[in-house]
Structures are given as structure tokens and as C-alpha cells.
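Residue-level listing of the chains:
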Amino acid sequence: MSDKRLDYISWDEYFMAVAKLAGMRSKDPNTQVGACIVSSDNKILSMGYNGFPKGCSDDEFPWAREGETLSTKYVYTVHSELNAILNYRGGSLEGAKLYVSLFPCNECAKAIIQSGIKTVIYDCDKYSGTDPVIASKKMFDAAGVNYYRYEPTDRQIVITV
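The sections below set out a description of the structure shown in this document.

Bringing the overall build of the chain into the picture now. On a plain count of helices and strands, the chain comes out with four helices and five strands. If you list the helices and strands of the chain from N to C, you get α-β-β-α-β-α-β-α-β. Computed over C-alpha atoms, the radius of gyration of the chain comes to 17 Å, within 12% of the 15 Å expected from 2.2 N^0.38 for 161 residues, which places it in the range of a compact globule. Taking the principal axes of the C-alpha coordinates as reference, the chain spans close to 65 × 40 × 35 Å. In the chain, which comprises 161 residues, the share counted as buried stands at 40%. In the chain, 61% of the contacts between residues at least 6 apart in sequence involve partners at least 24 apart. For the chain, the exposed area adds up to about 9,900 Å²; of that, 52% sits on carbon and sulfur atoms. Computed over 18 positive and 20 negative side-chain charges, the inter-centroid distance for the chain is 4 Å.

So this is what it looks like as C-alpha cells:
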């Protein structure tokens, strides 16, 4: 007979918490997005968060959301999903799962599909009515990439460092 504890967190809680923790590394003042790529046997393969490419100083490049195109963050920022894919050094991501705190845009959807990731678990879909997200879902459906919204448990995970 086992006396194991019964209130341990689920895999989805664990990996979404890791994705959100990764997002806390982002220096973006408005949107912090994190991603965690997981193998089919629940091993963490890679993580990423939204930020500028290596060598591009986050003190010298803009974080603005509005203004002239070259004065905004949008043309310089690498999204968390793409960073997680690019950070992976282990070979193929075929059949992997991606946990991400915000539903992927169309550009990240292309990278997700091309990398072989087969499942996307997302927390927030606040841009669901926009063309980039509509395109993402259309491509995911066509390519056989499953996606579903993470179901929050309202459990609080507190980490003291």
C-alpha cells in the first residue's frame, strides 16, 4: 500500500507553469510570453520567451508598440515559440508538444508545423479574432497539428527564491 501524496500537479499544470516561468524572463514591458517544448514521454526539450535576437541589446532596440515601424518592437522581437524551437539542440522535434502562454501567430505556426511539433497547448487566446491567429488555426488544422486550451485549475504554485 502506498502513502503517496495525492495533490501533486498534473503534467499540463507543470509544463504550463514552466512556460509561464520562462515568460517571466522577457523584458517586454507589455507582453511576456513563454514556451516549453516537451517530448511525447514528458521530458522538457527546450524553452523560450519573447525577446530580441542574440547580440541585439534590449537597451538599444525599441520596446514600443506604436510609431514608425522601425521604432517598434515588432520587427525585431523573436517570439517565444520560435525561440524555443531555435534553442533546441537535440535533433528532431517530431511528435513533440508545445506549451505556450499565448496562442501562436501565423509566423510561429509555420515554424511549429515545419519542426514536427504535433500538439500545441495554449493558455490565452486573446487575439483569436485576428488574421494571424485565424491563419494559424487554419494551418494547424490542415497540417494535423492538434491544439487545445489549457484548463486552469486555479491552483497557485508559489516559488520562493
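Time to look at the nonpolar core. Counting residues in each nonpolar core, the largest one holds 21 residues, and the members touching the most others are Ile-37, Leu-98 and Ile-117. Where this core is concerned, the elements lending two or more residues are strand S1 (34–38), helix H2 (80–87), strand S3 (97–102), helix H3 (106–115), strand S4 (119–124) and helix H4 (131–143). For Ile-117, the residues in contact, after removing those within four places along its chain, are Ile-37, Ile-85, Leu-93, Ala-96, Lys-97, Leu-98, Ile-112 and Val-145. Listed in part, the nine residues of the second largest apolar core include Phe-15, Ala-19, Ile-121 and Tyr-150.

Take the side chain of Asn-50 next. Looking at where Asn-50 falls in the secondary structure, it is placed in the loop between strand S2 (44–49) and H2. Looking at Asn-50, its side chain comes within polar contact range of the main-chain nitrogen of Val-33, at 2.8 Å. Leaving out residues up to four positions away in the same chain, Asn-50 has contacts with Ser-26, Asp-28, Thr-31, Gln-32, Val-33, Thr-77, Val-78, His-79 and Ser-80.

At a minimum axis separation of 9 Å, H2 and H3 run at an interaxial angle of 30 degrees. In terms of orientation, H2 lies roughly parallel with respect to H3. H3 is crossed by H2, and the crossing has left-handed handedness. Of H3, the residues touching H2 (which contributes Glu-81, Leu-82 and Ile-85) are Cys-108, Ala-111, Ile-112 and Ser-115. When the residues that make up the contact of H2 with H3 are grouped by side-chain class, the tally is five nonpolar, one polar and one charged.

For the rest of this paragraph, the subject is the packing of aromatic side chains. Each pair of aromatic rings is reported with the distance of its centres and the angle of its planes. What the rule picks out here adds up to 11 aromatic pairs. Seen in terms of ring centroids, Phe-15 and Tyr-99 are 5.4 Å apart; in terms of plane orientation they differ by 45 degrees. Their pairing is tilted. With Phe-15 in helix H1 (residues 11–23) and Tyr-99 in strand S3, this residue pair connects regions lying 84 residues apart in the sequence. Each of the two residues, Phe-15 as well as Tyr-99, counts as buried.

So, how was this worked out
Residues numbered from 1 in each chain as written. Predicted model: local features only at pLDDT ≥ 70, side-chain atom pairs only at ≥ 80, totals over all residues. Heavy atoms only, no water. Helix = DSSP H or I, 4+ residues; strand = E, 2+ residues; numbered from the N terminus. Rg over C-alpha atoms; globule rule 2.2 N^0.38 Å. Buried < 20%, exposed > 50% of the residue type's maximum accessible area, 1.4 Å probe, protein only. Contact = heavy atoms within 4.5 Å. Areas by Shrake-Rupley, 256 points an atom, 1.4 Å probe, with all protein chains shown as cover. Lys, Arg positive; Asp, Glu negative; His and termini not counted. Charge placed at Lys NZ, Arg CZ, Asp CG, Glu CD. Core = buried A, V, L, I, M, F, W, Y, C linked by side-chain atoms within 4.5 Å. Polar contact = N/O pair within 3.5 Å; in protein donor to acceptor, adjacent residues only side chain to side chain. Axes fitted to C-alpha atoms, helices over the stretch in contact; angles between N-to-C directions. Parallel < 35°, antiparallel > 145°, perpendicular 65-115°, else oblique. Left-handed = near helix turned anticlockwise from the far one by under 90°. Nonpolar A, V, L, I, M, F, W, Y, C, P; charged D, E, K, R; others polar. Phe/Tyr/Trp six-rings, centres within 6.5 Å; stacked < 30°, edge-to-face > 60°.

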